[in-house]
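Here are the chains, one letter per residue:
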Amino acid sequence: MHKITLIPGDGTGPEIAIAMKRCVEATGVKIEWDIQEAGDDVFKKEGTPLPQRVIDSIKENKVAIKAPITTPVASGYRSVNVALRKELDLYQNIRPVKYYNGVQSKYENIDIVIFRENTDDLYVGIEFEQGKPNTLELIKKIKEFNKQVISDDSGISIKPISIFKTKRIVEAAFKYAIKHGRKKITVVHKANIMKHTDGLFLNTAREVANSYPGIEFEDRIVDNMAMQLVQKPEQYDVLVLPNLYGDIISDLCAGLIGGLGVAPGANIGNEYAIFEAVHGSAPKYKGLNKVNPTALILSAVLMLRHINEEKASNILEEAVADVIKEGKYVTYDLKKGRNDSTAVGTSEMADAIIGRIETILKENS
Ligand code: NAD
């Protein structure tokens, strides 16, 4: 029996969390779910969107699966997602980008894995608010240090990139490539402009690559990477990126394989792991039983692999792939036209996946 923390999230999170849980249970894998509420509704009740009990639960169980949580823009509390990654040192954000037959996409044959650094870069959250005394003091100091003039009415965000954090994400990507028979690593940066941050990322990655001569290594400037991914995505295998570019490029890649509804993710550290969809809480669809549960279900596929439930993981992935390929019991985003009246809801798509799991289990018995 595995004990796993389940965070249902907010917005459309709870609907897809239930769908995911039902599909995982249908595989027959034995899981005791430790359900921990977090997010906007919890903030209203408990004064914090991320109570300590949630962190304690993940620390105890080591593995969690999390539906999306809303982050207020430009005010209020900081992102729960970022806080969890920081607190548990989940430095690898792994986002597989795989094309499933039947998905509405201009592309086929895409099978990329993104390794996004998850703890460094602009996401460390060191920010100086415009007009505040500390901000003005910092602007003065910067002028003294290197004669650069920053306008007094600026807000400032700090972008640290360290050797240690770069090394461990690049090493994780190489180890993953070897374990999964991948051939090439592409490191993505803007080192031509940010020499002391992105330049450090690139140089550190190059050094790590020297220890893995069996894997091809190359680099791309992030803007060029965005274009290349749109023009010839089939040329890419494993991408390694600093935090911010990783976030942006993984949404671009989700677009290549049919959108956010089918893009899963994993946040992994040396001790703990949290699995979650790439997409957010899509609050405008809250309570409508409308959004696609696939991304979170495919995140559960990754989770099952992580806890060595290979068989359950394969059955779940096969069932999802079959339902998408058939194209009948799928949500609106997987239909040819967005207003297709034959689209089913979140729970009906989960029902179809469960039906398929039962058939596969019968065929295998
Ligand atoms: P979003 O991913 O929630 O939604 C953007 C659009 O993508 C939606 O309007 C919808 O059209 C589509 N979409 C997303 N998920 C879908 C699904 N499962 N099925 C079908 N269509 C889907 O992005 P947003 O609107 O920018 O963010 C909403 C909130 O979620 C914000 O508060 C943001 O901070 C938060 N967020 C949370 C996480 C997380 O918890 N890991 C990740 C990203 C964003």
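Basis of the calculations
- Counting of residues starts from 1 at the beginning of each chain's written sequence and follows it residue by residue.
- Two thresholds apply to this predicted model, a pLDDT of at least 70 for residue-level local features and 80 or more for giving and counting side-chain atom pairs, whereas whole-chain, interface and lining totals are computed over all residues.
- Note that the side-chain values use all heavy atoms of the structure and ignore hydrogens as well as water.
- The helix and strand labels rest on DSSP assignments: H or I over at least four residues marks a helix, E over at least two residues marks a strand, and numbering proceeds from the N terminus.
- The globule rule is 2.2 Å times the number of residues to the power 0.38, and the radius of gyration it is compared with is taken over C-alpha atoms.
- Note on charges: Lys and Arg go in the positive column, Asp and Glu in the negative column, and His and the chain ends are not counted at all.
- By convention, the charge on Lys lies at NZ, on Arg at CZ, on Asp at CG and on Glu at CD.
- Whether a residue is near a molecule or strand depends on its heavy atoms: if one lies within 4 Å, it is near.
- Surface accessibility follows the Shrake-Rupley procedure with a 1.4 Å probe radius. Residue values consider only the protein chains on display as shielding.
- Lys, Arg, Asp and Glu make up the charged group, whereas Ala, Val, Leu, Ile, Met, Phe, Trp, Tyr, Cys and Pro make up the nonpolar group; the residues left over, Gly among them, are polar.
- Stacked, edge-to-face and tilted labels apply to pairs of Phe, Tyr and Trp rings (six-membered ring for Trp) whose centres lie within 6.5 Å, assigned for plane angles under 30 degrees, over 60, and everything in between, in that order.
- Working rule: Lys NZ or Arg CZ, within 6 Å of ring centre, within 35 degrees of ring normal, means a charge sits over the ring.
- Residue ranges for the domains trace back to a domain assignment, done automatically or taken from a database.
- Pairs of residues are marked as contacts when any of their non-hydrogen atoms sit within 4.5 Å.
- Defined here as a combined quantity, buried area equals the accessible surface (1.4 Å probe) lost by two parts on assembly, summed across both.
- Each reported salt bridge corresponds to a side-chain nitrogen of Lys or Arg within 4 Å of a carboxyl oxygen of Asp or Glu.
- Three exposure classes are used, based on accessible area relative to the maximum for each residue type with a 1.4 Å probe and protein chains only: buried under 20%, partly exposed in between, and exposed over 50%.
- Here a polar contact is recorded for every N or O atom pair within 3.5 Å, except that within protein the pair must consist of a potential hydrogen donor and a potential acceptor, and residues adjacent in sequence are included only if both atoms are side-chain atoms.
- Our arc is simply the arc of the directions from the helix axis toward the C-beta atoms.
- Two strands are counted as paired when DSSP detects at least two bridges linking them.
- Remark: nonpolar core denotes a set of buried residues (Ala, Val, Leu, Ile, Met, Phe, Trp, Tyr, Cys) joined through side-chain atoms within 4.5 Å.

A.B. asks: How should the overall build of the chain be read in this particular structure?
C.D. replies: Check the secondary structure of the chain and you find 12 helices and 12 strands. For the chain, whose C-alpha radius of gyration is 21 Å, the value lies close to the compact-globule estimate of 21 Å for 365 residues. The C-alpha extent of the chain, read off along each of the three principal axes, is 70 × 55 × 40 Å. Of the side-chain charges in the chain, 48 are positive and 49 negative, and the distance between the mean point of each set is 2 Å.

A.B. asks: What should I look at first to understand the site of the ligand in this one?
C.D. replies: Every one of the 21 residues lining the ligand counts as a neighbour, but Ile 69, Thr 71, Gly 280, Ala 282 and Asn 292 are closest to it. Compared with its free state, where it exposes 800 Å², the ligand has 71% of that area covered by protein. For the shell around the ligand, the class distribution of residues is nine nonpolar, eight polar and four charged.

A.B. asks: Where do I start with the packing of aromatic side chains in this structure?
C.D. replies: Two measures describe an aromatic ring pair: the distance that separates the ring centres and the angle between the ring planes. Counting across every chain of the model gives four aromatic pairs. Ring pairing ties together the aromatic residues Phe 174, Tyr 212 and Phe 217, which thus form one cluster. Across the ring face of Tyr 123, the terminal group of Arg 116 is positioned such that the distance to the ring centre comes to 5.0 Å. Over the face of the ring belonging to Tyr 236 we find Lys 184, whose NZ or CZ atom lies 5.0 Å from the ring centre.

A.B. asks: Mind showing me how you'd approach the domain arrangement of the chain here?
C.D. replies: Where the parts come together, the accessible area they lose is often given as the size of the interface. Structurally, the chain comprises domain 1 (1–105 + 260–365), domain 2 (121–160) and domain 3 (161–256). Relative to domain 3, the C-alpha centre of domain 2 lies at a distance of 29 Å. Across the boundary between the two partners, domain 2 contributes five residues, which contact 10 residues of domain 3. Among the residues of domain 2 in contact with domain 3, Asp 121, Tyr 123 and Lys 159 are the three that bury the most area, contributing 78% of the side total. Linking Asp 198 and Lys 159 is a salt bridge whose minimum nitrogen-to-oxygen distance equals 2.8 Å. Looking at the side of domain 2 that touches domain 3 residue by residue, the class counts come to three nonpolar, no polar and two charged.

A.B. asks: Can you help me understand the side chain of Gln 36 in this one?
C.D. replies: You can see Gln 36 is positioned in the loop between strand S2 (31–35) and helix H2 (40–46). The exposure class assigned to Gln 36 is buried, which follows from its relative accessible area of 11%. There is a polar contact of 3.2 Å between the side chain of Gln 36 and the side chain of Asp 34. At 2.9 Å, the side chain of Gln 36 and the side chain of Arg 53 are in polar contact. If we ignore the near neighbours within four places in the chain, the residues touching Gln 36 are Thr 5, Leu 6, Ile 7, Pro 8, Arg 53, Val 54 and Ser 57.

A.B. asks: What is the right way to read helix H3 (residues 52–61) from this model?
C.D. replies: Within an α-helix, residues lying three or four positions from one another point in the same direction, as the helix has 3.6 residues per turn. Buried within H3 are the following residues: Val 54, Ile 55, Ser 57, Ile 58 and Asn 61. Looking straight down H3, one finds its buried side chains confined to an arc of 160 degrees; they lie on one side. Of the surrounding elements, those touching the buried residues of H3 are strand S1 (2–7), S2, strand S3 (63–66), helix H4 (80–87) and strand S12 (273–277). Where H3 ends, the next residue or the one after it, Lys 62, has phi of about 75 degrees, a positive value.

A.B. asks: Can you walk me through the pairing of strand S4 (residues 92–98) in this structure?
C.D. replies: A regular strand carries its side chains on alternate faces of the sheet. Within S4, six of the seven residues are buried, which leaves the element mostly enclosed by the surrounding structure. Where S4 and strand S5 (residues 111–117) come together, seven bridges link them in antiparallel fashion. By the bridge assignment, Ile 94 is partnered in S5 with Phe 115. Pairing analysis gives three bridges linking S4 to strand S11 (residues 264–268), with the strands arranged antiparallel. Along S11, the bridge assignment pairs Gln 92 with Ile 268.

A.B. asks: Please explain the environment of Asn 118 as it appears in this structure.
C.D. replies: Assignment of secondary structure puts Asn 118 in the loop between S5 and strand S6 (127–128). Look past the residues within four positions of Asn 118 in its chain and what remains in contact with it is Arg 85, Leu 90, Tyr 91, Gln 92, Asn 93, Asn 243 and Asn 267.

A.B. asks: Would you mind going over the pattern of salt bridges with me for this structure?
C.D. replies: Side-chain pairing between opposite charges can occur once the charged atoms of the two side chains come close. Applying the stated criterion across every chain, the model contains 24 salt bridges. A salt bridge links Arg 22 to Asp 351; the nearest nitrogen and oxygen atoms lie 2.2 Å apart. Taken together, the positions of Arg 22 in helix H1 (residues 13–26) and Asp 351 in helix H12 (residues 346–364) put the pair 329 residues apart, joining distant regions of the chain. Measuring nitrogen to oxygen at the nearest pair gives 3.0 Å for the salt bridge that ties Arg 182 to Asp 111. Placement of the pair is Arg 182 in the loop between helix H6 (163–179) and strand S8 (184–189) and Asp 111 in strand S5, with a sequence separation of 71 residues. With a relative accessible area of 15%, Arg 182 lands in the buried category. Note on Asp 111: relative accessible area 39%, which makes it partly exposed. Bridged by salt links that share partners, the residues Lys 98, Arg 305, Glu 310 and Glu 317 form one connected network.

A.B. asks: Can you help me understand the nonpolar core in this one?
C.D. replies: Here is a general trend for soluble globular proteins: nonpolar side chains tend to be buried in one another's company. Ile 65, Phe 115, Leu 316 and Ile 353 are the most contacted members of the largest nonpolar core, which has 92 residues in total. When residues of this core are assigned to their parent elements, the largest contribution, eight residues, is made by helix H10 (residues 294–306). Both domain 1 (1–105 + 260–365) and domain 3 (161–256) contribute no fewer than three residues apiece to this core. Excluding residues that lie within four positions of it along the chain, Ile 353 makes contacts with Cys 23, Ile 297, Leu 316, Ala 319, Val 320 and Val 323. Counting 14 residues, the second largest nonpolar core, distinct from the first, contains Ile 69, Val 80, Leu 88 and Leu 90.

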